[in-house]
Amino acid sequence: MITIFHNELPLEIGDNLNVLQLLHKIQSPTSGVAIAINQAIISQTHWESTILKQNDTLLIIQATQGG
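The rules we used
Residues numbered from 1 in each chain as written. Predicted model: local features only at pLDDT ≥ 70, side-chain atom pairs only at ≥ 80, totals over all residues. Heavy atoms only, no water. Helix = DSSP H or I, 4+ residues; strand = E, 2+ residues; numbered from the N terminus. Buried < 20%, exposed > 50% of the residue type's maximum accessible area, 1.4 Å probe, protein only. Pairing = 2+ DSSP bridges. Axes fitted to C-alpha atoms, helices over the stretch in contact; angles between N-to-C directions. pLDDT = per-residue confidence, 0-100. Contact = heavy atoms within 4.5 Å.

S.K.: What's the story with unusual backbone geometry in this structure? I'm lost.
M.R.: Most peptide bonds are trans, and most residues other than glycine sit at a negative phi. With phi around 50°, Asn 7 is a residue other than glycine that occupies positive phi space. As for its position among the elements, Asn 7 is in the loop between strand S1 (2-6) and strand S2 (9-13). Of note, Asn 55 is a non-glycine position whose phi angle comes to about 70°, a positive value. On the basis of relative accessibility, which here comes to 46%, the residue Asn 55 falls in the partly exposed class.

S.K.: Help me understand the sheet that holds strand S5 (residues 57-62), please; the structure alone is not making it clear to me.
M.R.: Taken in spatial order, the five strands line up as S2-S1-S5-S3-S4 in an open sheet, and their pairing is mixed. Both edges of this open sheet fall to S2 and strand S4 (40-42), since each of them pairs with a single strand only. Neighbour-to-neighbour, the strand axes of this sheet turn through a mean angle of 35°, independent of strand direction. As judged from the two bridges shared by S1 and S5, these two strands associate in the parallel manner. Among the inter-strand pairings, His 6 is bridged to a residue of S5, identified as Leu 58.

S.K.: Even after reading the chapter, I still don't get the confidence of the model for the protein, so can you show me in this structure?
M.R.: Interpretation of the predicted coordinates at a detailed level should be avoided for regions scoring low in pLDDT. With 96% of its residues at a pLDDT of 70 or more, the protein has an overall mean of 92. Of all secondary-structure elements in the protein, the lowest mean pLDDT belongs to S5, at 92, while S4 reaches the highest, 96.

S.K.: I tried to follow the side chain of Ser 28 on my own but got confused; where do I start?
M.R.: Structurally, Ser 28 can be placed in the loop between helix H1 (19-25) and strand S3 (33-37). Judged by its relative accessible area of 14%, Ser 28 is buried. Residues contacting Ser 28, with those up to four places away along its chain left out, are Leu 23, Val 33 and Ile 60.

S.K.: I would appreciate a short explanation of the environment of Val 33 in the present structure.
M.R.: Its location among the elements puts Val 33 in strand S3. Separated by 31 residues in sequence, Val 33 and Thr 64 have C-alpha atoms that sit 9.4 Å apart. Residues within four places of Val 33 in sequence aside, it is in contact with Ser 28, Trp 47, Ile 60, Ile 61 and Gln 62.

Below, the structure written as structure tokens:
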């Protein structure tokens, strides 16, 4: 197990978990979201190949509609 920080809160996850797997685990939508790890934006095309590491800081931003 490793600890990452998801929207500033600690979260324990399994080793070798990628971004897409994490989104499924936390039941986050996979469309209309932007992901940053350690303040670097991760393109959606790289979610499956980006493995989360100990103490990574993950920011998930959900697009919303409104007026």
